[in-house]
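What follows is each chain in one-letter form.
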Amino acid sequence: METKSGLLYSKDHEWVRVEGEKAYVGITDYAQHALGEIVYVELPAVGNELNAGDVFSVIESVKAASDSYLPVAGKVLEVNEALSDSPQLVNEDPYGSWIVVVEITDKAGLDELMNEQEYREFCDKEA
Amino acid sequence: MHRYLPHTEDDERLMLESIGAKSTDDLFTDIPRELRLGRKLNLNNSLSEIELSDHMKGLSNKNKSSDNLICFLGAGAYDHFIPSVVKHLAMRSEFYTAYTPYQPEISQGTLQAIFEYQTMICSLTGMDVTNASMYDGATACVEAAMMAVENARRSSIIVSRTVHPEVRKVLKSYMRFRDVEVIEADMADGITDVEKLKPLVEAGTARVIVQNPNFFGIIEDLTEIEKMVHANKALLIDYADPISLGILKSPGESGVDIVAGEGQSLGNSLSFGGPYLGFLATTSKLMRKMPGRIVGQSEDADDKRAFVLTLQAREQHIRRYKATSNICSNQGLNALAAAIYMTTMGKKGLKEVAEQSAKKAHYAMKQLTSSGKFKPLFNKPFFKEFAVMGETPAGKINDELLKHNILGGFELNNEYPELKNGLLICVTEKRTKAQIDKLAQEMEVV
Amino acid sequence: MKNYNSLIFELSKEGRKAYSLPPCDVPDISLDSVIPPSLMRDSEPELPEVSEVDVVRHFTNLSNKNYGVDTGFYPLGSCTMKYNPKINEDMANLSGFSNIHPLQPEATVQGALKLMYELDGMLSEISGMDRVSLQPAAGAHGELTGLMIIKAYHESRGDKKRKKIIVPDSAHGTNPASAAVAGFEIVEIESDKNGAVDLDRLKAVLSDEIAGLMLTNPSTLGLFEKNIKQIADLVHEAGGLLYYDGANANAIMGIARPGDMGFDVIHLNLHKTFSTPHGGGGPGSGPVGVKSELARFLPVPVIEKKGDSYILDYDRPDSIGKVKSFYGNFGVAVKAYAYILSMGGEGLTDVSRKAVLNANYMMSKLKKYYELPIDQVCKHEFVLSGLLENDNHIATLDVAKRLLDYGYHPPTIYFPLIVNNAIMIEPTETESLETLDSFIDVMIKIAEEAKEAPDILKTAPHGTVVRRIDEAKAARSLILKWDGTYLHKE
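Residues numbered from 1 in each chain as written. Chains lettered and ligands numbered in written order. Predicted model: local features only at pLDDT ≥ 70, side-chain atom pairs only at ≥ 80, totals over all residues. Heavy atoms only, no water.

### As for the overall build of chain A
Looking only at helices and strands, one finds four helices and nine strands in chain A. Helices and strands appear in chain A in the N-to-C order β-β-β-α-β-β-β-β-β-α-α-β-α. Computed over C-alpha atoms, the radius of gyration of chain A comes to 13 Å, within 12% of the 14 Å expected from 2.2 N^0.38 for 127 residues, which places it in the range of a compact globule. Here chain A holds 127 residues, and 48% of them are scored as buried. Here the analysis covers contacts within chain A between residues at least 6 apart in sequence; of these, 63% occur between residues at least 24 apart. Accessible surface for chain A amounts to roughly 6,200 Å². Of this, 42% is attributable to carbon and sulfur atoms. Put simply, chain A has 9 plus and 26 minus side-chain charges, and the middle of one group is 4 Å from the middle of the other. (Helix = DSSP H or I, 4+ residues; strand = E, 2+ residues; numbered from the N terminus. Rg over C-alpha atoms; globule rule 2.2 N^0.38 Å. Buried < 20%, exposed > 50% of the residue type's maximum accessible area, 1.4 Å probe, protein only. Contact = heavy atoms within 4.5 Å. Areas by Shrake-Rupley, 256 points an atom, 1.4 Å probe, with all protein chains shown as cover. Lys, Arg positive; Asp, Glu negative; His and termini not counted. Charge placed at Lys NZ, Arg CZ, Asp CG, Glu CD.)

### Observations regarding the overall build of chain C
Broken down by element type, chain C carries 15 helices and twelve strands. Scaling as 2.2 N^0.38, a compact globule of 490 residues should have a C-alpha radius of gyration of about 23 Å, and chain C matches this with 26 Å. Each principal axis of the C-alpha distribution contributes one length, and for chain C these read about 75 × 70 × 45 Å. For chain C, buried positions account for 66% of its 490 residues. Look at the contacts in chain C between residues 6 or more apart in sequence, and 69% of them connect residues 24 or more apart. Side chains of chain C carry 50 positive and 66 negative charges; the gap between the two charge centres is 1 Å.

### Concerning the pairing of strand E6 (residues 55-61) of chain A
Residues and elements named next belong to chain A. Of all seven residues in E6, six are buried, a share of seventy percent or more. Bridge count between strand E4 (residues 38-41) and E6: three bridges; the pairing is antiparallel. Within E6, the position partnered with Val 41 by the bridge is Ile 59. The pairing of E6 with strand E7 (residues 65-69) spans five bridges and is classified as antiparallel. Looking at E7, one finds that Val 55 is bridged to Tyr 69. (Pairing = 2+ DSSP bridges.)

### What about the packing of aromatic side chains?
This structure, assessed with the given rule, holds 26 aromatic pairs over all chains. Relative to Phe 307 of chain B, the ring of Phe 115 of chain B lies with its centre 4.7 Å away and its plane at 45°, an arrangement referred to as tilted. One end of the pair, Phe 115 of chain B, is in helix H5 (residues 108-125); the other, Phe 307 of chain B, is in strand E12 (residues 305-309), and 192 residues separate them in sequence. Summarising the burial analysis for this pair, Phe 115 of chain B and Phe 307 of chain B share the class buried. Each residue in the set Phe 272 and Tyr 276 of chain B together with Phe 97, Phe 326, Tyr 327 and Phe 330 of chain C is aromatic and connected to the rest through ring pairs, giving one cluster. Above the ring of Tyr 24 of chain A, the side-chain terminus of Arg 17 of chain A is found at 4.5 Å from the ring centroid. (Phe/Tyr/Trp six-rings, centres within 6.5 Å; stacked < 30°, edge-to-face > 60°. Lys NZ or Arg CZ within 6 Å of the ring centre and 35° of its normal.)

### A short note on the interface of chain B and chain A
With six residues of chain B at the contact, the number on the chain A side is nine residues. Between chain B and chain A, the buried area comes to about 640 Å², and carbon and sulfur atoms account for 46% of it. Considering only the side of chain B, the residues that lose the most area to chain A are Arg 288, Ile 318 and Arg 319 of chain B, jointly responsible for 61% of the buried surface there. Where chain B touches chain A, the interface holds three salt bridges. The partner of Glu 60 of chain A in a salt bridge is Arg 319 of chain B, with the nearest N and O atoms 3.0 Å apart. If you look at where chain B meets chain A, you find two residue pairs in polar contact (both at pLDDT 80 or more). Taken together, the residues of the side of chain B that touches chain A sort by class into two nonpolar, one polar and three charged. (Buried area = accessible area lost by both parts, 1.4 Å probe. Salt bridge = Lys/Arg side-chain N within 4 Å of Asp/Glu carboxyl O. Polar contact = N/O pair within 3.5 Å; in protein donor to acceptor, adjacent residues only side chain to side chain. Nonpolar A, V, L, I, M, F, W, Y, C, P; charged D, E, K, R; others polar.)

### Considering the pattern of salt bridges
Evaluated as defined, the whole model comprises 62 salt bridges over all chains. Measuring nitrogen to oxygen at the nearest pair gives 2.2 Å for the salt bridge that ties Asp 67 of chain A to Lys 322 of chain B. Taken together, the positions of Asp 67 of chain A in strand E7 and Lys 322 of chain B in the loop between helix H10 (316-319) and helix H11 (332-369) put the pair across two chains. Lys 322 of chain B sits in the partly exposed class, given a relative accessible area of 39%. Through salt bridges with shared partners, one network takes in Asp 120, Arg 131, Glu 304, Asp 313 and Arg 316 of chain C.

### A word on the confidence of the model for chain C
This prediction gives chain C a mean pLDDT of 96; 98% of its residues lie at or above 70. Confidence over residues 486-490 of chain C falls short of pLDDT 50; this stretch has eleven contacts with residues more than four positions distant or in other chains. (pLDDT = per-residue confidence, 0-100.)

### Notes on the nonpolar core
Counting 126 residues, the largest nonpolar core has Met 56 of chain B together with Phe 274 and Tyr 370 of chain C as the members making the most contacts within it. Per element, the largest residue contribution to this core is 20 residues, and it comes from helix H11 (residues 330-366) of chain C. Ignoring sequence-local partners within four residues, the contact set of Met 56 of chain B consists of Met 91, Leu 94, Phe 97, Leu 115, Val 334, Tyr 337, Ala 338 and Leu 341 of chain C. Counting 76 residues, the second-largest nonpolar core is a separate cluster that includes Ile 243, Phe 307 and Val 353 of chain B together with Leu 7 of chain C. (Core = buried A, V, L, I, M, F, W, Y, C linked by side-chain atoms within 4.5 Å.)

Okay, structure coming up:
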């Protein structure tokens, strides 16, 4: 399992990269591996305002479908359109394939997240 | 010993020994004694094949089939011609004794047939995608309605009163339990009343169901309704007769968002109302909201073309309560019959069936109304069904017709009290001029 | 023709035809004169143009790429793939059944109505219920109908708080999906270590918001739910109703009845327990049975006997309405009725006894090679959890695919979800000792291959008309109809 430094991680296996007021959100290597070959990433509408814990994407593999929860409240600024045609990018490069960029509306959610080391330990326990 | 159970006494003894049980009763000790039936089932004794066959023929002979009656009854179930090959091929037991094609390597027959069915339904309806079929027309229409409700997240739906009464009834049952309001749009001269529909759509109800040709056989011009619906960001659902699509403008050409319909006419027998098949087709945009099984093309490990169930992540066995629908099966064998039918009739045949039905229906209308005893109930273009009325109650006419082995039309006042004495007559390509003349003659003297 | 791999569209040639119709014998008219051209289609639908021989060879070749119960052993757990008697097909095809219109006058369909009325009675006797409706078209449709009845029951008592249905985590996916379509919220409860309902967890979720509990008995693990009476009492005390999913009824006919266990609403699958063929995915039939106090909610029409004749009764004000056009999959009901007559009461009891005997026999043999998570007497099916010795990381999928090479339909795999690497085997009663032994031998051979030649399993199947199919490619490229561009690769 790969992780990347400088990112924050949720217990639902999403990662967050904070850049000023913006947050890039995707799913982790652990999550893409558990799902298997990803065939579809449902993208939210730009402009949607979501709370921390809201479903922002449904990711489908051949045999499973998984809801992804937004770890931090925010307004959707941009979605990764490349995933519409090439959902497998999430398998190939989970940390390079962000799903949404949100404008953070409440930073509270960030405090709940783990750093790389904590996340690695969390995953070890789950396995 | 029963002919379907192969165990000899020796077999049974040997198997029990292997299990370590003294008797088969030992295998049921986990069922608490007070829950056991403790008596024999109060059913018949086992029948031999000869006894069974005699009994079943006795029951069958108490029914009057379309072999004995000349059928002018339609209203959602149609006496169209079924080529002999349909039954022969659909009844190949490799097709009908198979389960759902979850193991694609040994189910390519079922899968390819569904893929071909999907291709033909898309072509007929002019839509982008379709599924492997639904239970019947009415439930397909309800599933279309649920797709649209889900899509718009608003809780009401408009259905024209010219949509089949059975479809509206099934729709109401389902929607009652989903807390979705069903609003019926009134009709005028046998078609959806566009003026009355307008305020309903403008009031914000985002889905409209129409039928074409409608329940009265009338071909509705959807142009205005389509414009109005889409101007209000609503979705248009059309309930269609697949045979009519041999000649009529396809729902896709009319800008419809979801098409549903009853596929029985496509090579399936009347069978007292089932099993039939419903078809459901839609646009690429709504594809992922579509319920039911879908077959897609792929390749196997040797890069050979192969077919497999796809888009399964929408379905109940993966998504459970979040699934787009609870439907699990399709009407596989009926869809296969439909595929064989469409293949056999082909491009020209389906068109000829539609043309002959329409021409014979128009001839029948002319004959029935020539003396003035019966009048057309509506003055609109129709396909293979039309409504007439006279001074005599429709029930009485049908009783008389039955005495002459004619199965008369649908008595409209049962569903539309205002259409007193109205009779909905259906004429398919199977009817001959002589049969139509006989109908006209007998109705004339009632 | 051996490697036949054409789509019907690729055989099409302009001008060919496979049909014949008599000349139109009414005076000819131009349709343009009666139907405005703007309502007609511009181009003909793209249906194939082939000869009758082409149609016959095409679909015959397709059928040869299929595997059915008539081909061989089909131990697909939870699906009850028993032999489908041929005589039943003949009976359903009698013209007096297959060529009657659903809206014919009642007097002309007395045989059909009598059959349906009697089948209602037979299924009621078998299940211990009071009335049965044949209207639902399949198991999932039966579930939905039953749940609508439960909702209507609570609403009729003014009890509108009950918006939740309890479903065990071992349940088939249709259970929670049907509850959602019926407008319920779903409360899932975790099963105990034996896959049974955990009474403490059940108690914890019971309240005046619970409309009912959905259960299969025997459970999806093939084990009888011994505490069923307590479960029923707990749910009833909390004001809820019990729904029985009849998927596993083949284990208990003539031995125990859901009606006597405390179930209020049930569905049966005529395409499982009552031998009607699965048709490659339908038509099924999922009759719904209820206790007498719920009969007023059944879908309309209900078939009643009035003097010597049978009628369709629509005058039922409390009915949930219609859930399907007309009266259900009548043609399927005819086959189930013929099956019950063929078996008789004692025969049906013997069916369940032999189904359970077969399952226990296979389980006793296979547990030496495959992990059996719960080792106790099973009912008509049992669930294994992958290979006992598995150093080479052979997946359950690999075992299933290898079975194809040996000419068998694999068992159900990866269900129920609560067992890892599940292999769910349901032999059914119509299989002989010799058939079971041959299958057991192959399963043992595969367990050996897993140790000695794992690659054969991981790349299986090798001998089928196509090999493992790229499902991810299908789901990503989404070719859902012929687009006319495919070129043969062979």
